[in-house]
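Structural features, examined
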Amino acid sequence: MARYLLRRFAFLLVSLALASVVLFVLLRMLPGDPANALTSVGASPEQIAAARHSIGSDKPLPEQFTHWIGQLAGGDLGTSFVSSLPVGPEVGSRLNVTIPLTLAAFVLAVLIAVPTGFLAAYKRRTWYGALLSGVSQLGIAVPVFWLGMILIDVFALNAGWLPAGGFPPDGWSQPGEAIRSLVLPVMTIALVMSASLIRYVRSATLDILGSDYLRTARALGSSFGRAMWRHGLRNASVPVISILGIELASTLLGAVVVESVYALPGLGSMLATGIAQHDYPVIQGVLFVSTLAVLLIGFAADLVQRIIDPRLRGRLSGGTR
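Bear in mind the structure is a predicted one, so any value in this text is a computation, not a measurement.

Observations concerning the packing of helix 4 (residues 87-122) against helix 5 (residues 127-140)
- At a minimum axis distance of 8 Å, the contact between helix 4 and helix 5 shows a crossing angle of 130 degrees. With respect to their mutual orientation, helix 4 and helix 5 come out oblique. Between helix 4 and helix 5 the crossing geometry is left-handed. Counting all contacts with helix 4, which are made through Thr116, Leu119 and Ala120, the residues of helix 5 involved are Gly129, Leu132 and Ser133.
- In terms of residue class, the contact of helix 4 with helix 5 is made up of three nonpolar, three polar and no charged.

Take a look at the structure:
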């Protein structure tokens, strides 16, 4: 296991390095000049050249890349071209919104999807089993921004139970208000995510229900619940865990849409502002942190799978069991 962890960690570092190169190159290929965000309309060529020199965008690309990598190695995400503030602390403050939003939505989606997906598989020959499957298919097709606007209209504008958007200026120093402001965004993400997860849970459960080892356990006298708990749950969880990792990563990356709908000051809105202003350090900082989070989520999901499934643990040494 130690050898596997070392190898997997090395793969994570290599992936992060390659992602940094791709991110840097693709960002410089986008149209637009970041110096324009620092100058007024109708600025002279001399003023634009001075702006480029002040932010270092007039330097050769290899030199810019080396400077950025050196900053990353020192734990520095750079300084914003527009605000002249360090990107790292700003990313940290935005994570105080994005991480609770993502994790709460993920937990709620799992709590909805796991029992619903199991019930849809176990009762697949009944009308409500078919209804659950149909509703999950419909939920996959619902755009997240559309669902967000519907929830705002129902629970905020009409009922007045929850705020339509925004976040307390003092952040989590007002925990009650902060939680209330995240209820609708969490519901929006969780409902869309759970629709997709229900399909995977249902599929994994159907595979277990038709397995030989479950029928054997029932033939030996185990009740259905005991056989599922001792033999089915672990086998069904292995493919689902992989999907959970993907869904969690995609939720983190896709938070920009929900944060825009609800005007939340998270990583998504920071990224959108950075793109609009061609603020390279902000864009690079947000995407680098997001990429690191995605790689760590994938690493954790892979590790949990190997802990649960002895067959995967046997592959670590190249043997078979």
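Once you've had a look at it, read on.
Notes on the packing of helix 5 against helix 7 (residues 175-209)
- Where helix 5 meets helix 7, the axes come as close as 7 Å, and the angle between the chain directions of the two elements is 135 degrees. When the axes of helix 5 and helix 7 are compared, the pair comes out oblique. The two elements helix 5 and helix 7 meet at a crossing, and its hand is left-handed. Residues Ser133, Ser136, Gln137, Gly139 and Ile140 of helix 5 touch helix 7, and the partners they reach there are Ala195, Ser196, Ile198, Arg199 and Arg202.
- When its residues are assigned to classes, the contact of helix 5 with helix 7 shows three nonpolar, five polar and two charged.

Looking at the pattern of salt bridges
- Following the criterion strictly, the structure yields three salt bridges and no others.
- For Asp302, the salt bridge goes to Arg8, with nearest N and O atoms at 3.1 Å. Note that Asp302 is positioned in helix 12 (residues 280-308) and Arg8 in helix 1 (residues 2-29), a separation of 294 residues in sequence.
- In this structure Asp302 comes out as buried when scored by relative accessible area, which is 14%.
- In this structure, Glu177 and Arg180 form a salt bridge, with 3.6 Å as the shortest nitrogen-oxygen distance. Of this pair, Glu177 and Arg180 both sit in helix 7, three residues apart, which is roughly one turn of the helix.
- Judged by relative accessible area, Glu177 falls into the partly exposed class, the value being 41%.
- Judged by relative accessible area, which is 31%, Arg180 ranks as partly exposed.

Quick notes on the packing of aromatic side chains
- What the rule picks out here adds up to eight aromatic pairs.
- For the pair Phe24 and Trp68, a centre-to-centre distance of 6.2 Å together with 20 degrees between the ring planes defines the contact as stacked. Taken as a pair, Phe24 in helix 1 and Trp68 in helix 3 (residues 61-73) lie far apart in primary sequence, 44 residues in all. We note that Phe24, like Trp68, is buried.
- With a centroid separation of 5.9 Å and 70 degrees between ring planes, the pair formed by Phe167 and Trp172 is classed as edge-to-face.
- Since its relative accessible area comes to 16%, Phe167 is described here as buried.
- Taken together, Phe24, Phe65, Trp68 and Phe288 form an aromatic cluster joined through their ring pairs.

Structural notes on the layout of surface pockets
- In this model, the largest pocket occupies a volume close to 400 Å³.
- What lines the largest pocket is a set of 22 residues, among which Ile55, Gly56, His67, Gln71 and Phe81 lie closest to the centre.
- Going through the elements one at a time, helix 1, helix 2 (45-55), helix 3 and helix 12 are the ones with two or more residues in the lining of the largest pocket.
- Top element by residues in the lining of the largest pocket is helix 3. It accounts for five residues.

Rules of the game
- Just so you know, the residues in each chain are numbered from 1, in the order the chain's sequence is written.
- Predicted model: local features are reported for residues with pLDDT of at least 70 only, side-chain atom pairs are reported and counted for 80 or more only, and whole-chain, interface and lining totals are derived from all residues.
- Heavy atoms throughout the structure, all of them, feed into the side-chain values; hydrogens and water do not.
- Only the stretch in contact is used when fitting a helix axis, every axis being a line fitted to C-alpha atoms; angles between N-to-C directions are given from 0 to 180 degrees.
- The secondary structure listing takes helices from DSSP runs of H or I that are at least 4 residues long and strands from runs of E that are at least 2 residues long, numbered from the N terminus.
- In this scheme, roughly parallel covers angles under 35 degrees and roughly antiparallel covers those over 145, while 65 to 115 is roughly perpendicular and the rest are oblique.
- Left-handed describes a crossing in which the near helix is turned anticlockwise from the far one by less than a right angle; the clockwise case is right-handed.
- We call two residues in contact when some of their heavy atoms are within 4.5 Å.
- Residues are grouped as follows: nonpolar covers Ala, Val, Leu, Ile, Met, Phe, Trp, Tyr, Cys and Pro; charged covers Asp, Glu, Lys and Arg; every other residue, Gly included, is treated as polar.
- One speaks of a salt bridge when a side-chain nitrogen belonging to Lys or Arg is within 4 Å of a carboxyl oxygen belonging to Asp or Glu.
- Think of it in three bands: residues with accessible area under 20% of the maximum for their type are buried, residues over 50% are exposed, and the middle band is partly exposed, with areas taken using a 1.4 Å probe on protein chains only.
- Working definition: rings of Phe, Tyr and Trp (its six-membered ring) pair if their centres are within 6.5 Å, and the pair is stacked with planes under 30 degrees apart, edge-to-face with planes over 60 apart, and tilted otherwise.
- A 1.4 Å probe that fits but cannot get out identifies a cavity on a 1 Å grid over protein atoms alone, an open set with protein on both sides within 12 Å along at least five of seven lines counts as a pocket, and a residue lines either if it has an atom within 4 Å of a point.
- Grid points are joined across faces, edges and corners, and a volume is the space filled by probe spheres set on the points.

It is worth stressing that arrangement in space is one thing and function is another; only the former is reported here.
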